[in-house]
Number of protein chains: 2
Amino acid sequence: MRSVLLAVFTAIFAYNTPAQRIPTPPERPHKLNPDQVAQEVRDYRMNNEDRIIRELSEFLAIPNIASDTENIQKNATQLVSMLEARGIETHLLSISGRGPVVFGKLAVPNARRTLIFYAHYDGQPVDPAAWTDGKPFEPALRTDSLENGGKRIPLPANSAQHPAIYNDDWRIYARSSSDDKSPIVALLAALDALRANKIPLGINLKLVLEGEEEDGSPNLERVLLAHKNLLDADVLITGDGPVHQSGRPLVFFGDRGILGFQITTYGAIRALHSGHYGNWAPNPGFTLARLLTSMKSEDGKVLIEGFYDDIVPLNTTEKDALAAMPNNDADLERDLQFARPEGGGQRLMELLQYPSLNIRGLRSAYVGEQAQNVVPEKATAAIDVRLVKGEDPDKKFEQVLAHIRKQGLFITTVDPTKEERLAHPAIARVAKDPWNYPASRTSMELPVSEALIKVVQDATGGQSVIAPLLGGSVPMYIFEKLQIPWIGVPIVNYDNHQHSSDENLRLGHLWRGMEIYAAILADLNW
Amino acid sequence: MRSVLLAVFTAIFAYNTPAQRIPTPPERPHKLNPDQVAQEVRDYRMNNEDRIIRELSEFLAIPNIASDTENIQKNATQLVSMLEARGIETHLLSISGRGPVVFGKLAVPNARRTLIFYAHYDGQPVDPAAWTDGKPFEPALRTDSLENGGKRIPLPANSAQHPAIYNDDWRIYARSSSDDKSPIVALLAALDALRANKIPLGINLKLVLEGEEEDGSPNLERVLLAHKNLLDADVLITGDGPVHQSGRPLVFFGDRGILGFQITTYGAIRALHSGHYGNWAPNPGFTLARLLTSMKSEDGKVLIEGFYDDIVPLNTTEKDALAAMPNNDADLERDLQFARPEGGGQRLMELLQYPSLNIRGLRSAYVGEQAQNVVPEKATAAIDVRLVKGEDPDKKFEQVLAHIRKQGLFITTVDPTKEERLAHPAIARVAKDPWNYPASRTSMELPVSEALIKVVQDATGGQSVIAPLLGGSVPMYIFEKLQIPWIGVPIVNYDNHQHSSDENLRLGHLWRGMEIYAAILADLNW
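1. Focus: the overall build of chain A
Reasoning step 1: Along chain A, the regular secondary structure elements total 17 helices and 21 strands.
Reasoning step 2: Its C-alpha radius of gyration of 25 Å places chain A within 12% of the 24 Å reference for a compact globule of 526 residues.
Reasoning step 3: When the backbone C-alpha atoms are referred to their principal axes, chain A occupies close to 80 × 55 × 45 Å.
Reasoning step 4: Looking at chain A as a whole, 55% of its 526 residues are labelled buried.
Reasoning step 5: Put simply, 80% of the contacts in chain A that link residues at least 6 apart link residues at least 24 apart.

2. Notes on the domain arrangement of chain A
All names here are of chain A.
Reasoning step 1: Partitioning chain A into structural domains gives domain 1 (2-19 + 33-255 + 440-523) and domain 2 (257-313 + 353-432).
Reasoning step 2: Across the contact, five residues belong to domain 1 and four residues belong to domain 2.
Reasoning step 3: Residues that form the side of domain 1 that touches domain 2 fall into these classes: one nonpolar, three polar and one charged.

3. Re the interface of chain A and chain B
Interfaces are often described in size by the accessible area the parts lose on coming together.
Reasoning step 1: In this complex, chain A contributes 83 residues to the contact, which on the side of chain B involves 83 residues.
Reasoning step 2: Elements supplying a minimum of two residues to the side of chain A that touches chain B: α8 (274-277), α9 (284-295), α11 (329-336), α12 (348-351), β13 (356-365), β14 (374-375), β15 (378-387) and α14 (418-423) of chain A.
Reasoning step 3: Broken down by element, the residue count for the side of chain A that touches chain B peaks at nine residues, all from β13 of chain A.
Reasoning step 4: Residues that form the side of chain A that touches chain B fall into these classes: 35 nonpolar, 32 polar and 16 charged.
Reasoning step 5: Relative to strand β13 (residues 356-365) of chain B, β13 of chain A runs antiparallel, the two sharing five bridges. Residue pairing for β13 of chain B: alanine 365 of chain A is matched across the bridge by glycine 361 of chain B.

4. Side note on helix α6 (residues 181-196) of chain B
Residues and elements named next belong to chain B.
Reasoning step 1: Between the first and last C-alpha of α6 there are 23 Å, a value that for 16 residues agrees with the 22 Å anticipated at 1.5 Å per step.
Reasoning step 2: When you tally the buried positions in α6, you get 14 out of 16 residues, the bulk of the element.
Reasoning step 3: The positive-phi residue at the C-terminal boundary of α6 is lysine 198, with phi of around 55°.

5. Some words on the pairing of strand β11 (residues 257-266) of chain A
Looking along a regular strand, one sees the side chains alternate between the two faces of the sheet.
All names here are of chain A.
Reasoning step 1: The buried fraction of β11 amounts to eight of the 10 residues, a majority that puts the element mostly inside the structure.
Reasoning step 2: Here β11 runs beside β15; their pairing, made up of 10 bridges, is antiparallel. Its bridge partner lying in β15, tyrosine 266 is registered against lysine 378.
Reasoning step 3: Note: β11 against strand β17 (residues 427-432), five bridges, orientation antiparallel.

6. Thoughts on the relation of the copies chain A and chain B
One copy of the chain maps onto the second through a rotation around an axis plus a translation along that axis.
Reasoning step 1: The transformation that overlays chain A on chain B combines an axial shift of 0.0 Å with a rotation of 180°, and the residual RMSD is 0.0 Å. Taken together, the rotation angle and the small translation identify this as a two-fold axis.
Reasoning step 2: Interface overlap between copies is the fraction of interface residues in one copy that are interface residues in the other; for chain A against chain B it reaches 100%, indicating a shared surface.

7. Comments concerning unusual backbone geometry
Reasoning step 1: Unusually for a residue other than glycine, asparagine 110 of chain A sits at a positive phi of about 75°.
Reasoning step 2: With respect to the element layout, asparagine 110 of chain A can be found in the loop between β2 (98-106) and β3 (114-120).
Reasoning step 3: With 7 C-beta atoms counted inside 10 Å, the residue asparagine 110 of chain A sits in the exposed group.
Reasoning step 4: Here histidine 497 of chain B, not a glycine, exhibits a phi torsion of approximately 60°, which is positive.
Reasoning step 5: With respect to the secondary-structure elements, histidine 497 of chain B resides in the loop between β20 (486-488) and β21 (504-506).

8. Concerning the sheet that holds strand β5 (residues 152-153) of chain A
Residues and elements named next belong to chain A.
Reasoning step 1: Pairing in this open sheet of four strands is antiparallel, and the strands run β5-β4-β6-β21 from one edge to the other. The sheet is open, and its two edges are formed by β5 and β21 (504-506), each paired on a single side.
Reasoning step 2: Here two bridges tie strand β4 (residues 140-142) to β5, and the two strands are oriented antiparallel to one another. Residue pairing for β5: arginine 142 is matched across the bridge by arginine 152.
Reasoning step 3: Sheet strands in contact with helix α17 (residues 507-523) are β6 (171-173) and β21, and its direction is about 65° off that of β21.

9. With respect to the environment of proline 34 of chain B
Residues and elements named next belong to chain B.
Reasoning step 1: The topology assignment puts proline 34 in helix α3 (residues 34-46).
Reasoning step 2: What makes proline 34 buried here is the crowd of 22 C-beta atoms within 10 Å.
Reasoning step 3: Separated by 227 residues in sequence, proline 34 and phenylalanine 261 place their C-alpha atoms 45 Å apart.

10. So, the environment of valine 414 of chain A
Residues and elements named next belong to chain A.
Reasoning step 1: The residue valine 414 is located in the loop between β16 (410-412) and α14 in this model.
Reasoning step 2: Given 8 C-beta atoms within 10 Å, valine 414 falls into the exposed group.
Reasoning step 3: Between the C-alpha atoms of valine 414 and lysine 151, which are 263 residues apart in sequence, the distance is 47 Å.

11. As for the sheet that holds strand β6 (residues 171-173) of chain B
Reasoning step 1: Strand order in this open sheet of four strands is β5-β4-β6-β21 (chain B), and the pairing throughout is antiparallel. Each having just a single partner strand, β5 (152-153) and β21 of chain B make up the two edges of the open sheet.

12. Focus: the pairing of β13 of chain B
All names here are of chain B.
Reasoning step 1: For β13, a buried count of 10 out of 10 residues is recorded, marking the element as mostly surrounded by other parts of the structure.
Reasoning step 2: Of the pairings in the sheet, the one linking β13 to strand β15 (residues 378-387) comprises seven bridges and is antiparallel in character. Counted as the bridge partner of arginine 363 is threonine 380 from β15.

Rules of the game
Residues numbered from 1 in each chain as written. Chains lettered and ligands numbered in written order. Predicted model: local features only at pLDDT ≥ 70, side-chain atom pairs only at ≥ 80, totals over all residues. Helix = DSSP H or I, 4+ residues; strand = E, 2+ residues; numbered from the N terminus. Rg over C-alpha atoms; globule rule 2.2 N^0.38 Å. Buried ≥ 20, exposed ≤ 12 C-beta atoms within 10 Å, placed from the backbone. Contact = placed C-beta atoms within 7 Å. Domains from an automatic or database assignment. Nonpolar A, V, L, I, M, F, W, Y, C, P; charged D, E, K, R; others polar. Pairing = 2+ DSSP bridges. Expected span 1.5 Å × (residues − 1). Least-squares fit on C-alpha atoms with pLDDT ≥ 70 in both. Axes fitted to C-alpha atoms, helices over the stretch in contact; angles between N-to-C directions.

Right, dumping it as structure tokens:
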């Protein structure tokens, strides 16, 4: 029913309205400041919320797991029509069996500088059963967050006479509603707003929209290097990531790299009756528990030898920026409902300077109703390590392997053979995720860095938080290699359940994101 | 296709053949010894294998999870017709919403003693995806165990002229093929064989067939006490459990009790992006790993205070029996493919005298392809403790709770409240399984114990292993309360994947089980 309605509404109020198909109107003679741009975009948006939300909803309704070849292609096709509706020249940089890199280009007469906007249109894997509505790809509008008791509501009625009004606190629940489809929609809506208000762009725009970021961007570097000629640019803005936990807008200059792996420990070749063999058959769960315990102290310090050796420390500018960031850790702990963070008392933002070691998941046989009275045959931990500037993923992985060996475990990369099982009392299969990459960091002292901070602060009344680095991983190291300085300008709410079930976007954040992106497109210059 | 064929064959060669419906033929004048009974049963069986296997297959095809109300009732209905076809007077001792206790009674003229045969017709929970054939309730015949490369084959053709021959090494794969449906079928086939050979029963027979043993027998005690008048008997034989790992038949006189519980540890109220929060948000997987590590040493000693305090040690007869048991631990380790058991060098059989602490399963977020880059919100371990004679499940549970508290965790029985989360850095929700029960042990020095050992040894050429106790749990404490001595006479192969996926029965074990049960029914006396 909802999807039928959606289709009908989309047909009637399609985002590529005739107004946008006619030639761009003559531009206004006087350049507007970022705060003026933001105000005009806001006015435009208040009359167009329904169209923007429906464009986003339609986009979210296309499943977007990177490995789901058929659907990820549909996302790319949808993106092409969304871009072309804005007159953006579009190319698909194809990847066999995967979603292409969607490349877009909008030349601006007399613009000296070129900006690349990066985002990804794929999303994290989903377990529909873990979602409140059970359907990660049926966008659901709610009156607030689920935590705040948000109720599901239909999209409000909309007509030319009575445009639908969306409350800023309403949220859209769907996979990628925040990570990363909404920044794309915000940028396109910002373009629409600028055009409708006859505000000229001050910079050439290119788009690099990736379809396998959540799978580790395995092909991005290769594809971009092959199309290096398209990528001539002065700065890259990434829309990935959430804003600061205080709710204030965020500009960030660094991210962490990532190394993922899975450790599996083994018991007998098959699960055994826990009565007949318990006390005697080795339990892989205990082996795994001991190994994990050996890796990290109770206050969060990683105990793997050399783990903190290669960190490139922050410089004075970066340290000063870090110190100036708001400290809302106490609020955050209350909101997230836990009593004591890891890190021995250091602030969250300070801790992000260091590499992390995290258990992403654990699995051995069954728990709950499905629990069987067995000594399981294996136990697995999925781990991720976030790397900071200076650290090499391969070297870090070797440190992990050395630690596991030091605990007395024999390491294999595939399931152990019978001979290996009989020769070694404890075995760990360690399988590295196929795609891992280093951290990267852009200097905050570059003219473009300073100019961007100024535009965003001007557009947001000086409310933005400036961070030397963020904890997450985006494959920005590739652009660093291409010598394009990159800066993060995320827009979505921090409590967006990113990577988890019930991912969501707060609409007020989308609206503000439009204003920030519009101000950058109109006024960024250095 | 298979099920259609099965139905056709079952209709043609139904186990309740007319031959069994006519009055019992006059009995033979001379009493046969157990070895003679075994031989005659063997001869009978070789002409009736197809009928027996089809009766078993039809029974296995009915799903039998205790909580699956509709299907568990179907199992009981099937059992009634199987028993009544043998002229056994049958009563259903009903349990609301669950499978009834199927009670059967076969009075034997001039018999002084009465034997209760106990087995259960429900099975452990199943995860079809973990089964090689994906269908735990579609019995599959294989030429050998899966480990030995057994190939799936159809049931062989059968006719009166050319009876189907089943190889002893063939196996039937299905839930409960070993635990516990086949002992029931073996007993009934033994009755058929005795009757066909005009061998009289020497003892009155009663059957107590339970439908929720794998769920902890929550109603058995209550139901049996309510029908105490039906249960007058001199001995109880349980068919539950596997034979000795050497492959030799087994008689056992004790079992372990069971205490099950689940421990859940908590991080933030929701899963968090592991990049933005990793290093700071507490990881419930590490909390759980540390707690589990604190519970058991690397060589298998449980470190919970008082854990070994209440054990009632074995007496001299029991110790002698234990010492006389074959030691095939080394073979078993090779077969099960691991290099070092827990227990610091003690034999498996010796270790079963002690209580055990086992991780049945682990679960936190996701691993493998489904792994998400999150700091999970919780982690769960399913644990079982096997209790030995003298130990009280409630006291043991209190010891576990005290240990968890000593590790600094705050304990709840339901999900913690926001206030609890904010007040306690580490929280464990500990949920006890609803049904737990103590161990029990029958004296090996009773006349009935000695008589039973003799019959079984005579029927098996002195090859049987006599064990003072077994590691598994059967709710025999109830019969101990009813002052009925109980003895275990299991028949199925030890490598039956009991409680796990790919549960199976080796046919040769079923055949030998028939012989043993027939010898007991014909010759047990004291």
